[in-house]
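Fold and geometry: a report
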Amino acid sequence: MTPQHIDNALTGRRALVTGAGRGIGRSIALALAAAGADVAITSRSPNEIEQVAVAIRERGRSSLAVPCDVTDVTQVTTMVERITDEFGLIDILVNNAGSGGSHKFINHPDDLWHQMMDVNLNSVYYVTKAVVPGMAEQRWGRVINIASVASKVGAKYVAAYTAAKHGVLGLTRALAVEFATQGVTVNAICPGYVDTPMTDDTIARISALTGMSEDEARATLEKTSPQRRLIEADEIAAMTVFLAQDAARGITGQGINIDGGAVMF
Ligand code: NDP
């Protein structure tokens, strides 16, 4: 396969990336565009997604930035209808929007539980439910869920986030089987700590709770990986681009770890 072929592997495909204003979602949106796809993007911050849309158009691809809170099913329905009307059926869906939160389980706030379920799991259900019928209709589709190593292993103080991310992997596996004969693959990418604004928030939280400096808190996160480093958002984007290609049509129902070797199943 020539580099030219790889560069254009997604030409003619239309993608939707949730949570694409910054961090991993932004990198994914730009990488899909670099591989030839037209890319619609969404998040709650219009200014951030508009900047990403400009960067996509600068790469010669079409883009549409549609603000939406993916925890609100009505907003999700409207967002997907608008993108489908103005852009066409979505071939590649990347469910990336999510956020973290932690608390000891004793006296765990119920609203934190519901918030984690809404943003990390229910959102994936709402957006996929709105998009996947179009994929089944055209008998080609890619659903790529940005899950977490927290989809596979437990850790203290993150019960709600972990339960939600385990749910994302369960949904991924169930849908992979349900759509297996319809040309639609459904996979999850399970990152360890990635160098993004979300991890900056985690570092600030650890620092505030423990009295560690932010450098010490960052080093603590780096040590969770055998490679002793944070993953870069571009590494998640590269796997997303691969899973979106025809070459990856046999890969479905998988949770692919990108974590420097910390989790091996
Ligand atoms: P960031 O906080 O850097 O970015 C999150 C993106 O999601 C933003 O664009 C944000 O925009 C959007 N978002 C958050 N809530 C909503 C909402 N309710 N509706 C629409 N958009 C929303 O996070 P990361 O890039 O680090 O994380 C992306 C994904 O990767 C998440 O699912 C996260 O759980 C997962 N992940 C991250 C890891 C890490 O170490 N960073 C590790 C493993 C998994 P806005 O707030 O403007 O709406």
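Above: the structure in question.
First, a word on scope: everything that follows refers to the structure included in this document. Keep in mind that this is a model prediction, so the values were computed, not measured. (Residues numbered from 1 in each chain as written. Predicted model: local features only at pLDDT ≥ 70, side-chain atom pairs only at ≥ 80, totals over all residues. Heavy atoms only, no water.)

**Points about the overall build of the protein**
Definition in use: Helical segments are the DSSP runs of H or I of at least four residues, strand segments are the runs of E of at least two, and each set is numbered from the N terminus. What the globule rule says is 2.2 Å times the number of residues to the power 0.38, and the radius of gyration is computed from C-alpha atoms. Classification of residues uses two cut-offs on accessible area relative to the type maximum, computed with a 1.4 Å probe and protein chains only: under 20% is buried, over 50% is exposed, and between them is partly exposed. Residue exposure ignores everything except the shown protein chains as possible cover, and the areas themselves are Shrake-Rupley values with a 1.4 Å probe. Under the convention used here, Asp and Glu are negative, Lys and Arg are positive, and both His and the chain ends fall outside the count. Every charge is mapped to an atom, namely NZ of Lys, CZ of Arg, CG of Asp or CD of Glu.
Within the protein, the secondary structure is distributed over 9 helices and 7 strands. A compact globule built from 265 residues would reach a C-alpha radius of gyration of about 18 Å, and the protein, at 18 Å, matches this within 12%. In terms of overall dimensions, the protein has C-alpha extents of about 50 × 40 × 35 Å along its principal axes. Taken across its 265 residues, the protein has 48% of its residues classed as buried. Of the roughly 12400 Å² of accessible surface on the protein, a fraction of 52% belongs to carbon and sulfur atoms. Of the side-chain charges in the protein, 23 are positive and 28 negative, and the distance between the mean point of each set is 5 Å.

**Some remarks on the side chain of Asp38**
To keep it simple, the criterion reads: Counting of polar contacts relies on pairs of N or O atoms within 3.5 Å, with two restrictions inside protein: one atom must be capable of donating a hydrogen and the other of accepting it, and residues adjacent in sequence are counted only when both atoms are side-chain atoms.
Inspection of the secondary structure assignment puts Asp38 in strand E2 (residues 38–42). What makes Asp38 buried here is its relative accessible area of 18%. Reaching out from Asp38, the side chain makes a polar contact with the backbone nitrogen of Ser62 at a distance of 2.9 Å.

**A word on the environment of His108**
Worth spelling out the cut-off: Here, residues are in contact when the closest pair of their heavy atoms is within 4.5 Å.
As for its placement among the helices and strands, His108 is situated in the loop between strand E4 (92–95) and helix H5 (110–138). A residue is classified by how much of its surface remains accessible, and His108, at 12% relative accessible area, is buried. For the pair formed by His108 and Tyr157, sequence separation is 49 residues and the distance between their alpha carbons is 9.2 Å. In this view, His108 contacts His103, Trp113 and Ala160; residues no more than four positions away in its chain are not counted.

**A few points about the pattern of salt bridges**
We count it as follows: Within this document, salt bridges are pairs made up of a side-chain nitrogen of Lys or Arg and a carboxyl oxygen of Asp or Glu, the two lying within 4 Å of each other.
Using the criterion set out here, one finds 8 salt bridges in the structure. The salt bridge involving Asp38 is made with Arg61; its shortest N-O contact spans 3.5 Å. Of the two residues, Asp38 is situated in strand E2 and Arg61 in the loop between helix H3 (46–58) and strand E3 (63–65); the sequence distance between them amounts to 23 residues.

**Thoughts on the site of the ligand**
Operational definition: Whether a residue is near a molecule or strand depends on its heavy atoms: it is near if one of them lies within 4 Å of it. Only Asp, Glu, Lys and Arg are considered charged in this grouping, and only Ala, Val, Leu, Ile, Met, Phe, Trp, Tyr, Cys and Pro are considered nonpolar; every other residue, Gly among them, is considered polar. Source of the domain bounds: an automatic or database domain assignment.
Around the ligand there are 30 residues in total, and Arg44, Ser45, Tyr161, Val194 and Thr196 lie nearest to it. The separation between an oxygen atom of the ligand and a polar side-chain atom of Ser45 is 2.3 Å. Asp69 is positioned such that a nitrogen or oxygen atom in its side chain is 2.9 Å from a nitrogen atom of the ligand. Burial of the ligand by the surrounding chains reaches 96%, relative to a free accessible area of 880 Å². Listing elements by their share of the shell around the ligand, those giving two or more residues are helix H2 (23–34), helix H6 (159–178) and helix H7 (197–210). The dominant element in the shell around the ligand, judged by the number of residues it contributes, is H7, at 3 residues. Residues that form the shell around the ligand fall into these classes: 14 nonpolar, 12 polar and 4 charged. Shared between two domains, the shell around the ligand takes at least three residues from each, and those domains are domain 1 (3–192 + 232–257) and domain 2 (195–230).

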